[in-house]
Amino acid sequence: ISKCMDIDGIDKSVVDNATDLKSLAVQIISSFNITIKADEIERVSKKEIGKDDNNKTVKARTILLVHFKEFEDKLRILRAKRNINDGRNIYFNATLTPTNKYFMMSARKLTKAVGLKVFFKSGKVNVEKADKGIITIASESDLNNLESYVKAIQQNYQAQTAKL
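Notes on the structure follow. (Residues numbered from 1 in each chain as written. Predicted model: local features only at pLDDT ≥ 70, side-chain atom pairs only at ≥ 80, totals over all residues. Heavy atoms only, no water.)

Relative to the helices and strands, Asp8 is located in strand β1 (residues 4-8). Accessibility expressed as a relative area gives 11% for Asp8, which makes it buried. Here Arg61 takes part through its side chain, which lies 3.0 Å from a polar atom of the side chain of Asp8. Discounting chain neighbours no more than four positions away, the residues touching Asp8 are Arg61, Thr62, Ile63, Asn89, Ile90 and Tyr91. (Helix = DSSP H or I, 4+ residues; strand = E, 2+ residues; numbered from the N terminus. Buried < 20%, exposed > 50% of the residue type's maximum accessible area, 1.4 Å probe, protein only. Polar contact = N/O pair within 3.5 Å; in protein donor to acceptor, adjacent residues only side chain to side chain. Contact = heavy atoms within 4.5 Å.)

Quick look at the structure:
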């Protein structure tokens, strides 16, 4: 289980001008009134995203990758931040592997039209079904099954509205 968390939405110049990324991460987390000690963090790195193939900037931003010493510390901070919405566009997210990121984005794209909840829990991408059941996405086959499920919901909705 990953002990890493992303902090996104920070002004790029703030990250670029920071001399100590660990102190910056502690400062950002603390600004949400979440208790954090620098010694709970193993290391912090930054990652620039949003560049196309020609190295032209397209909504470029910098994400802080915070590596915790203990998984529980990451989990505590993610849970605490989930309950805080102070209007700032700073996001704390679990760091996803490229495969899980692909599954998460694909599932969100498929379910957007029908409003199903897509979430990441215990290292897995999940979709909450209309009947409150869970579909776990771990392969292309699971995505295909999700697509079929979404199409069935849409067809059912269309059939019900046609009766009206």
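Let us keep going from here.
Right, let's get into the packing of aromatic side chains. The geometry of an aromatic ring pair comes down to the distance between the two centres and the angle between the two planes. One pass over the structure, following the stated rule, counts two aromatic pairs. Taking 5.4 Å as the distance between ring centres and 80° as the angle between the ring planes, the aromatic pair formed by Phe32 and Phe92 counts as edge-to-face. One end of the pair, Phe32, is in the loop between α2 (21-30) and β2 (41-51); the other, Phe92, is in strand β4 (residues 91-94), with 60 residues separating them in the sequence. Accessibility expressed as a relative area gives 3% for Phe32, which makes it buried. Look at Tyr102 and Phe103: their rings are 5.7 Å apart centre to centre, the planes differ by 50°, and that puts the pair in the tilted class. The exposure class of Tyr102 is partly exposed, given its relative accessible area of 41%. With a relative accessible area of 6%, Phe103 lands in the buried category. (Phe/Tyr/Trp six-rings, centres within 6.5 Å; stacked < 30°, edge-to-face > 60°.)

Between its terminal C-alpha atoms helix α3 (residues 71-82) stretches 17 Å, which fits the 16 Å expected from twelve residues at 1.5 Å a residue. Within α3 the residues assigned to the buried category are Asp73, Lys74, Ile77, Leu78 and Lys81. Down the axis, α3 shows its buried residues gathered within 130° of arc, on one side only. Facing away from the buried side of α3 by more than 90 degrees, the exposed set consists of Glu72 and Arg82. (Expected span 1.5 Å × (residues − 1). Arc of directions from axis to C-beta.)

Let's shift gears to the environment of Ala107. Position of Ala107 among the secondary structure elements: in helix α4 (residues 98-111). By relative accessible area, which is 0% here, Ala107 ends up buried. Setting aside residues no more than four positions away along its own chain, Ala107 makes contact with Val118, Val127, Leu143 and Leu146.

Positive phi values are uncommon outside glycine, yet Asn33 reaches one of about 60°. Locating Asn33 in the fold gives a position in the loop between α2 and β2. Of note in the backbone geometry, Lys132 takes a positive phi value of approximately 75° without being a glycine. By secondary structure assignment, the location of Lys132 is in the loop between β6 (124-128) and β7 (134-137). Looking at Lys132, the relative accessible area reads 63%, which means it is exposed.

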